[in-house]
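Here is how the chains run, residue by residue.
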Amino acid sequence: MTAVLTRPVEAPAVRGRRNATSIVVLIVAGVYFLVPLAAAIWFTVQDKVHGGVTGEYYTSIPQAEGFAGALRRSLTLAVLSVLGVLLVTVPAMLAVTLRLPRLRPLVEGLSLLPLVIPPIALVAGVRDMLALGPDQLAGTPLGDALVSSQDPDLPIILVVVYIVLATPFAYRSLDAGIRAVDARTLVDAARGLGSSWFDVVWRVLLPNLRGAVLGAAFLTLGLVLGEYTIAGILLFETLPTWLVKISGQNGQLSVSVSTASLLFTWLLLLVVSLADRRPTSRRDS
Amino acid sequence: MSAVGVRMLGMRRSFGAVRALDGLDLVIEPGEFIALLGPSGCGKTTALRVLAGFETADAGSVWVGDRDITGLAPNKRDMGMVFQAFSLFPNLTAADNVAFGLRVRGVDGAARRKRAADLLELVGLGQAGKRYPHQLSGGQQQRVALARALAIEPRVLLLDEPLSALDAQVRVQLRDEIRRIQQRLGITTLFVTHDQGEALSVADRVGVMRAGRLEQLADPDTLYHRPATPFVGEFVGTMNRLPGVLGPHGTVRVLGADRPVAEGSEAAPGDVVVLVRPEAMTLSASDSGTALVVVRTFHGALTRLSVRLGDGDEAFVDLPSPAAAGIRPGDTVTVGVGEGAVLVAAAGDTPARVPAHEDA
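Remember, predicted model here, so these are calculated numbers, not experimental data. All residue numbers here refer to positions counted from 1 along the written sequence of the relevant chain. Working convention: letters from A go to chains and numbers from 1 go to ligands, in the order in which they are written. In view of the model being predicted, local features appear only for residues whose pLDDT reaches at least 70, and side-chain atom pairs are presented and counted only at 80 or more, with totals across whole chains, interfaces and linings using the full set of residues.

## Points about the overall build of chain B
A run of H or I in DSSP counts as a helix once it spans at least four residues, and a run of E counts as a strand once it spans at least two, with each numbered from the N terminus. Helix and strand counts for chain B stand at 9 helices and 20 strands. Oriented by its inertia axes, the alpha-carbon framework of chain B measures out at about 80 × 45 × 35 Å. Counting other C-beta atoms within 10 Å of its own, a residue is labelled buried from 20 upward, exposed at 12 or fewer, and partly exposed in the gap between, with every C-beta atom placed from the backbone. The proportion of buried residues among the 360 residues of chain B is 45%. For chain B, contacts bridging at least 24 residues in sequence account for 67% of all contacts bridging at least 6. Contact between residues is assigned whenever the C-beta positions, reconstructed from backbone atoms, fall within 7 Å.

Spelled out as structure tokens, the structure:
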């Protein structure tokens, strides 16, 4: 009661000032983010030879040498990484929440490790390990696996590394989602109503964690589509490494690809946030 | 389906060093509505969760009818449960929530929809089937949760403080409705609550728990008028704690009079605490009295007077309002204990709870 009575009543002047402040912040942030983007777009549509505006750099993207391969490779890696990271983090998260709450600090700590270890250190370790394949481990199944994981057409080793890199983000997203729904009570309710564990996960938890799962997937996707260091050092050609390569030869083409991929990423974000909307009406099934 | 009884025998459950259940024996008759009442940490929720199968007991057995279900998984127990927290599945409509248990049982769509609609009607939400949980008020959500629990035709209905998150008015309304539905369906019900008003008003019998055991299991009237132990007496309703001297022959001297000692008293002869209900006190205006009226509160038929005794202790006295009409704060009065046996506790005994200005 006292809390209600003693809560300060906000004066209109204060609220007005706060509004003005937020508008200023919004403008500063907008300038910070949009000006470089606008500059990039302007750079890509300038016709340096004839003057004026041209869309030729965008239309020439699909034919650029190596682009189609790099894009296909990056998308494949991204999809595999998303599936992989969900396969690792979702069951781990459910296990920690429902059955092994005492392991939560340990799992949380482990999930944060990839953020603490610099990618450059990670990739150095990966490279040394890969070197064992054709070397000490030659002829063994593990050695063969290490060799075949480096297929330049579809380097599975990158999927493995990306799953590790994406774990902190996926874990955070799922953690926030699971904390928001009181999973414990929902699980008890579903169990009490006769659900098997499979039903609990499939009919209750996953539908209510849809936003969190999509968020985890999207963060992973974004990470894989933009990752340069590891792919570059391991000498695989993905979209980011191709971009860097092409930027030395054709600056405007490279920037137009970057811009296009940025817009593509935004589009994905939009799709995710639309898909996460709560249903307001639905067929009664 | 005819109602079944429930027996929990010798239940033990420890969480680390805390004994949540310490040899609990609880027998619920078929179709009976039992409320478990007790301070927080007394083990009442653990008892309910063990019965539901969400917790496993360290020792003891659980029987429903003549079947031992001690080791049975919760999804095989056929019990309907309503939780304290709002537990509806946020992604499903009210009707789909109610039908959930039937869906996992493989009941076909038309039968499911029919049953969900019937149950929503039963809890007074016939029109709300297409709404999602976030479009319902707290009271409506708990009604849907009740309908969902009943949809599977459970053998036992479990209610885990289902009203505690609701507003006072909704709470009373839903409480009465739960009782009405329970009586209509004749379903064996266990209701856990820390609110004695709730427990006493709806249950056939109320079990008062303390430290993992049942202190007393009795109908509300017996519980209130003939508490088995000082703890029960003080936990249920309001009790005055008056100083007294216990004699050797089963009588106790309190406020200048000798009264017989009630069964269940726990004290050795000598200085003791005498427990007396406010309505069992007597009071008369008297200029030579040693007690002083401090506060007067009007409760309709009764008026409660808060009185400071000669030794500085305070006591409540409930009088029929007409009898209290002439008595004002500041008056000196003589206070006594009415005829009849009184409950006695050891002098060092701590109160079950701080006597509060509330009605039982």
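The structure having been displayed, the exposition proceeds.
## Section: the overall build of chain A
Within chain A, the secondary structure is distributed over 14 helices and 0 strands. If you list the helices and strands of chain A from N to C, you get α-α-α-α-α-α-α-α-α-α-α-α-α-α. The globule rule puts the C-alpha radius of gyration for 285 residues at 19 Å, and the 24 Å found for chain A is more than 25% above it. The principal-axis extent of the C-alpha atoms belonging to chain A is close to 70 × 65 × 40 Å. Counting over 285 residues, chain A shows a buried share of 27%. A fraction of 74% describes how many contacts in chain A between residues 6 or more apart in sequence connect residues 24 or more apart. Our radius of gyration looks at C-alpha atoms and nothing else; its globule reference is 2.2 Å times the residue count to the power 0.38.

## Description of the interface of chain B and chain A
The interface of chain B with chain A comprises 21 residues on the first partner and 17 residues on the second. For the side of chain B that touches chain A, the secondary-structure elements that each account for two or more residues are β6 (79-82) and α2 (94-104) of chain B. Considering each element in turn, the side of chain B that touches chain A owes the most residues, 4 residues, to α2 of chain B. Here the side of chain B that touches chain A is composed, by residue class, of 13 nonpolar, 5 polar and 3 charged. Amino acids are sorted into nonpolar (Ala, Val, Leu, Ile, Met, Phe, Trp, Tyr, Cys and Pro), charged (Asp, Glu, Lys and Arg) and polar (every other residue, Gly among them).

## Observations regarding the confidence of the model for chain B
Residues and elements named next belong to chain B. Confidence scores labelled pLDDT are given residue by residue by the predictor and lie between 0 and 100. For chain B, per-residue confidence averages 89 on the pLDDT scale, and residues scoring 70 or more make up 96% of the total. The model gives residues 354-360 a pLDDT under 50, and that stretch makes 8 contacts with residues more than four places away or in other chains. As scored by the predictor, the complex reaches a pTM of 0.77 and an ipTM of 0.80.

## Looking at the environment of Arg180 of chain B
Residues and elements named next belong to chain B. Looking at the secondary structure, you find Arg180 in helix α5 (residues 168-185). Its 12 C-beta neighbours within 10 Å are what place Arg180 among the exposed residues. For the pair Arg180 and Val202, spaced 22 residues apart in sequence, the C-alpha separation works out to 9.2 Å.

## Some details on the nonpolar core
Only buried residues count toward a nonpolar core: Ala, Val, Leu, Ile, Met, Phe, Trp, Tyr and Cys, linked into one set through C-beta atoms within 7 Å. In this structure, Leu174 of chain A together with Ala47, Leu51, Val98, Leu158 and Leu190 of chain B are the most contacted members of the largest nonpolar core, which totals 120 residues. Beyond its immediate chain neighbours, meaning those up to four positions away, Leu190 of chain B contacts Ile28, Ile34, Leu36, Leu48, Leu51, Val156 and Leu158 of chain B. Met239, Leu242, Val261 and Val274 of chain B belong to the second largest nonpolar core, which has 29 residues in total.

## With respect to the sheet that holds strand β1 (residues 6-15) of chain B
Residue and element names in this part refer to chain B. Spatially, 4 strands are ordered β2-β1-β4-β5 in an open sheet, and the strand pairing comes out antiparallel. Looking along the sheet, the strands with just one partner apiece sit at the ends: β2 (18-28) and β5 (67-68). By the bridge criterion, 2 bridges tie strand β4 (residues 59-64) to β5 in an arrangement that is antiparallel. What sits directly across from Val64, in β5, is Arg67. Strands are labelled as partners when DSSP assigns at least two bridges between them.

## Remarks on the sheet that holds strand β14 (residues 270-276) of chain B
All names here are of chain B. The antiparallel open sheet is built from 5 strands, whose spatial order is β13-β12-β11-β14-β20. With one partner strand each, in any of the chains shown, β13 (257-260) and β20 (343-346) form the two edges of the open sheet. For this sheet, the mean angle separating the axes of adjacent strands, direction not counted, is 45°. The sheet contact formed by strand β11 (residues 240-246) and β14 spans 7 bridges and is antiparallel. Of the residues in β14, the one forming a bridge with Val245 is Asp271. Working convention: axes come from line fits to C-alpha atoms, limited for helices to the stretch in contact. Angles between N-to-C directions cover 0 to 180 degrees.

## Here's the deal with unusual backbone geometry
For Leu235 of chain A, which is not a glycine, the phi torsion comes out positive at approximately 65°. Positionally, Leu235 of chain A belongs in the loop between α12 (229-233) and α13 (239-249). Its 11 C-beta neighbours within 10 Å are what place Leu235 of chain A among the exposed residues. One non-glycine residue, Asp78 of chain B, lies in positive phi territory at about 55°. Residue placement: Asp78 of chain B occurs in the loop between β5 and β6.

## Quick word on the pairing of β1 of chain B
In this structure, β1 of chain B lies alongside β2 of chain B, joined through 8 bridges in antiparallel fashion. Bridge pairing in β2 of chain B places Arg7 of chain B opposite Val27 of chain B.

## A look at the confidence of the model for chain A
Residues and elements named next belong to chain A. Averaged over chain A, the pLDDT score is 83; the fraction of residues at 70 or greater is 91%. Note on residues 1-8: pLDDT is under 50 here. Beyond four places in sequence and across chains, it has 0 contacts. Considering only residues more than four positions removed or in separate chains, one finds that residues 280-285, a stretch of pLDDT under 50, has 3 contacts.

## Quick word on the packing of α13 of chain A against helix α14 (residues 251-275) of chain A
All names here are of chain A. Contact geometry of α13 with α14 gives a least axis separation of 7 Å together with a crossing angle of 155°. In terms of orientation, α13 lies roughly antiparallel with respect to α14. On α14, the residues that touch Leu239, Leu243, Ile246 and Ser247 of α13 are Gly251, Leu253, Ser254, Val257, Ser258 and Ser261. Looking at side-chain class alone, the contact of α13 with α14 contains 5 nonpolar, 5 polar and no charged residues. Throughout this description, any angle smaller than 35 degrees is read as roughly parallel, any larger than 145 degrees as roughly antiparallel, any in the 65 to 115 degree range as roughly perpendicular, and the remainder as oblique.

## Some thoughts on the environment of Thr56 of chain B
Residues and elements named next belong to chain B. Within the element layout of this structure, Thr56 appears in the loop between α1 (44-52) and β4. When the 10 C-beta atoms within 10 Å are taken as the criterion, Thr56 is described as exposed. The spatial distance from the C-alpha of Thr56 to the C-alpha of Thr70 is 8.1 Å, given a sequence separation of 14 residues.

## What to know about the environment of Ala78 of chain A
All names here are of chain A. For Ala78, the location among the structural elements is in helix α4 (residues 67-99). Given 24 C-beta atoms within 10 Å, Ala78 falls into the buried group. With near-sequence residues (within four places) excluded, Ala78 lies in contact with Leu221, Val224 and Leu225.

## Quick notes on the pairing of strand β16 (residues 291-299) of chain B
On any regular strand, side chains alternate: one points to one face of the sheet, the next to the other face. Residue and element names in this part refer to chain B. Direction of pairing for β16 relative to strand β19 (residues 332-337): antiparallel, over a ladder of 2 bridges. Note that in β19 the partner of Leu292 across the bridge is Thr332. Counted along the chain from β16 to the antiparallel partner strand β17 (residues 302-308), the turn is 2 residues long, and its residue Gly300 has a positive phi close to 85°.

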